[in-house]
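For reference, the chains in residue letters:
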Amino acid sequence: MKKTLIIIFSLFLALNITSVAKSGTGEAESYINTIHSIMLCGAGSTATSCANPVILGSDTSGTTFDLSSISAGASAGSLGNLGVATPGSTFAYMQVIMSKTFTIKGTGLNAASATCYTAANSGNGTATTGEIQARGSSASSDYAAQAIKVADNATLGDNMRGTNNLDGTTSGDASNGNSGTNTYMAFIAELTAPFTMKAGSVPQMKIAFDLSAATNFPAANCTVSPASPSVTVTFLN
């Protein structure tokens, strides 16, 4: 399921959880998350540290997206204003603060090569609680969208961490690579190429993503977690 969209003054990046080996992934029919804050990372930033962030947009209520519902070439909505970046400034990294809860409908093979399905939490699907991973179902009759929270003990990529901050500060954050008990997750990503803000220009961003392996069933049972859509981010001046 490949789609491409152009977003004006808007950004979206995807989760890349590595809490367990991705031995089983499947296509996500729907993939919903809420973005609460987005920023460009300033001078001195790395793949694991967002220095001197320029906040493009921040909202405690957040903006919710279902990647599967966005048609090719459509706008996914506005998450922020690139105009707040100082002309002449160059950025190589960006950071997104997102909800730890995803709503996903997907199916795929688990580590034992058995077919698993996401399942409604009101049915046979279970939500994540603390150290307990969410679990879907082996029954196709249970197939439905499932709310899946990233567990507190989940191991994330080194470019991610649990956070309670929407302004890019790190006070009280979990260490890099850890989810922790924090409310949100911070995700840092390197841009396809460094972006320099130009005076008088209205930049766009091209984001291509693929949901064909965005649901993860990593164990011999139907334990389920969000996997990362394949995402490419490019600025268009």
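Further up the page is the structure itself.
Residues numbered from 1 in each chain as written. Predicted model: local features only at pLDDT ≥ 70, side-chain atom pairs only at ≥ 80, totals over all residues. Heavy atoms only, no water.

Novice: For the nonpolar core, give the residues involved together with the corresponding values.
Specialist: Ranked by size, the top nonpolar core spans 31 residues in total, and within it Leu40, Met98, Phe102 and Met185 carry the most contacts. Elements supplying a minimum of two residues to this core: β3 (28-41), β4 (54-66), β5 (90-99), β6 (101-109) and β10 (184-196). (Core = buried A, V, L, I, M, F, W, Y, C linked by side-chain atoms within 4.5 Å. Buried < 20%, exposed > 50% of the residue type's maximum accessible area, 1.4 Å probe, protein only. Helix = DSSP H or I, 4+ residues; strand = E, 2+ residues; numbered from the N terminus.)

Novice: Outline the environment of Ser138, listing residues and values.
Specialist: Its place among the elements puts Ser138 in the loop between β7 (115-117) and β8 (146-149). For Ser138, a relative accessible area of 59% corresponds to the exposed category. Distance from Ser138 to Ala114, taken between C-alpha atoms, is 7.8 Å for residues 24 residues apart in sequence. Leave out the neighbours within four places in its chain, and Ser138 touches Thr115, Tyr117 and Cys222. (Contact = heavy atoms within 4.5 Å.)

Novice: Let's hear about the pattern of salt bridges: which residues, and what values?
Specialist: Opposite charge on two side chains allows them to pair when their charged atoms are near. One pass over the structure, following the stated rule, counts 2 salt bridges. A salt bridge links Lys100 to Asp152, with the nearest nitrogen and oxygen atoms 3.7 Å apart. You can see Lys100 sitting in the loop between β5 and β6 and its partner Asp152 sitting in the loop between β8 and β9 (160-163), a full 52 residues away along the chain. Judged by its relative accessible area of 2%, Lys100 falls in the buried class. Take Asp152: its relative accessible area is 25%, and that puts it in the partly exposed class. (Salt bridge = Lys/Arg side-chain N within 4 Å of Asp/Glu carboxyl O.)

Shape is all these values report; function is a separate question.
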